[in-house]
Amino acid sequence: MQKPILSLAAATVSTLLAGTAAHAAGAGAIADSVIAEQRAALAAKTKGAGFGPQSPRDIEAAAGSNTRSFQAAPDYAEMNLCNIHFHENAEHRGGDFTTFAGNGDGHGYGTGYKYDGTLTAAELAPLDHPVGATAHGDLQPGDTIEVHYVHSTAQVQPGPTLGSCLSDAIKNPQLRVEAQVFVLVNDENALDFNTLAWIGKANGLHQASNIPSDTGTPVQYAGSTTGPGYNEDGSPFQVSWSVRPKVAKVNIHSVAKWLEDNVFMEDHAHGVRNLVMNPDLLSDISH
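This is a predicted model, so every value here is computed, not measured.

Here is what the cut-offs are and how they apply
Residues numbered from 1 in each chain as written. Predicted model: local features only at pLDDT ≥ 70, side-chain atom pairs only at ≥ 80, totals over all residues. Heavy atoms only, no water. Disulfide = S-S within 2.5 Å. Helix = DSSP H or I, 4+ residues; strand = E, 2+ residues; numbered from the N terminus. Buried < 20%, exposed > 50% of the residue type's maximum accessible area, 1.4 Å probe, protein only. Contact = heavy atoms within 4.5 Å. Salt bridge = Lys/Arg side-chain N within 4 Å of Asp/Glu carboxyl O. Expected span 1.5 Å × (residues − 1). Arc of directions from axis to C-beta. Polar contact = N/O pair within 3.5 Å; in protein donor to acceptor, adjacent residues only side chain to side chain. Phe/Tyr/Trp six-rings, centres within 6.5 Å; stacked < 30°, edge-to-face > 60°.

Colleague: Now, about the state of the cysteines: what can you tell me, with residues and values included?
Modeller: Joining two cysteines, a disulfide is a covalent bond between their sulfur atoms. As enumerated under the stated definition, the model contains one disulfide in all. The partner cysteine of cysteine 82 in its disulfide is cysteine 165, sulfur to sulfur 2.1 Å. Handedness of the cysteine 82-cysteine 165 disulfide follows from its S-S torsion of about 85°: it is right-handed. Taken as a pair, cysteine 82 in strand β3 (residues 80-88) and cysteine 165 in the loop between β6 (144-152) and β7 (175-185) lie far apart in primary sequence, 83 residues in all.

Colleague: So, the environment of isoleucine 145: which residues are in play, and what are the values?
Modeller: One can find isoleucine 145 in strand β6. Taking the relative accessible area as the measure of exposure, isoleucine 145 reaches 0% and is therefore buried. With 64 residues separating them in the primary sequence, isoleucine 145 and leucine 81 have C-alpha atoms 19 Å apart. If sequence neighbours within four positions are ignored, isoleucine 145 has contacts with Phe86, His87, Glu88, Asn89, Leu139, Gln180, Val181, Phe182 and Leu184.

Colleague: Outline the pattern of salt bridges, supporting the account with residue identities and numerical values.
Modeller: Counting across every chain of the model gives six salt bridges. Between aspartate 58 and arginine 93 there is a salt bridge; the shortest N-O distance is 3.0 Å. Taken together, the residues aspartate 58 in the loop between α2 (32-46) and β3 and arginine 93 in the loop between β3 and β4 (99-100) connect sequence positions 35 residues apart. Here arginine 93 falls in the partly exposed class, since its relative accessible area comes to 24%. Between arginine 176 and glutamate 178 there is a salt bridge, with the nearest N and O atoms lying 3.9 Å from each other. The same class applies to arginine 176 as to glutamate 178, namely buried. Each member of the salt-bridge network shares a partner with another, and the members are Arg176, Glu178 and Arg244.

Colleague: Can you break down α2 residue by residue, with the values?
Modeller: Side chains three or four residues apart in an α-helix point the same way, a direct result of the helix having 3.6 residues per turn. For α2, built from 15 residues, the straight-helix expectation of 21 Å at 1.5 Å per residue is met to within 8% by its first-to-last C-alpha distance of 21 Å. Looking only at α2, the buried set comprises Ile35, Gln38, Leu42 and Thr46. Along the long axis of α2, the arc covered by the buried residues comes to 60°, so they all point the same way. The exposed residues of α2 that point more than 90 degrees off its buried face are Glu37 and Ala44. Directly beyond the C-terminal end of α2, a positive phi value near 70° is found at glycine 48.

Colleague: Give a detailed account of the side chain of glutamate 178, specifying residues and quantitative values.
Modeller: Within the secondary structure, glutamate 178 is located in strand β7. We classify glutamate 178 as buried; its relative accessible area is 3%. A distance of 3.3 Å separates a polar atom in the side chain of glutamate 178 from a polar atom in the side chain of serine 242. When residues no more than four places from it in sequence are discounted, the contact partners of glutamate 178 are Tyr76, Val147, His148, Tyr149, His151, Ile211, Ser242 and Arg244.

Colleague: So what's going on with the packing of aromatic side chains? Residues and values would help.
Modeller: The final tally for this structure, using the stated rule, is seven aromatic pairs. A centroid spacing of 5.0 Å and a plane angle of 75° characterise the contact between phenylalanine 193 and tryptophan 258, whose relative ring orientation is edge-to-face. A residue pair is termed long-range when its members are at least 10 positions apart, and phenylalanine 193 in helix α3 (residues 193-196) and tryptophan 258 in helix α4 (residues 252-260) qualify at 65 residues. Residue tryptophan 258 is classed as buried on the basis of its relative accessible area, which comes to 4%. With 6.3 Å between their ring centres and 40° between their planes, tryptophan 258 and phenylalanine 264 make a pair best called tilted.

As structure tokens, then:
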């Protein structure tokens, strides 16, 4: 979930992907010491400031000592779907996505976690056209993405950025993110992203009714918005998370089609925030 800026809109960020440019950038990944400095800065800026639990996290590590509590958001079926976007590489770690992509450039590109499984040569067949291309690379078969289906208790319409999840009537709605990790494959028989992101109405609420239900029991926890803009700053937004542990395969051609035309004005993958590891910034999910 991207970092909001100005009118609470999420920052538009490019992502370092697994194309030629991404591989070149990966060769110049920053040192561990830079990540350590970012973690130290985050700890210093948030210490004693009252920040609530942060995201993303290792969903297999339940411990956390942040006691700033807030009421969990309702089930997503009782909320309005307000935004869909995705990050290149998983922001969370756990389940089928524990392979570290590397430190990246320190700004969210070339880092995060990848699908642990293996793919066939056919699934990895290269494309003859770019998908979601930016100055940082493009999407390729075999890349991992973490999709965030953002929901709000406000009376809102689906649209771009976190700003679409807020309204003049309710500035502090409850927020929930249903997170699903996918691996991109060159296979027309794999899941269709346009179907996965299809929006309809149910009981008067905007819903993405095709969120996968066969990718394991979601790990639910109290956290925050994400995105690399928060590598050294705490997020002030409270978010109820549901992160599915298993990865599903999605047809990369359908992702390309969705990026060309969607109500969220998404045309590329976003960067990722450093995994939050400081217990003082994590909620306890052991119960």
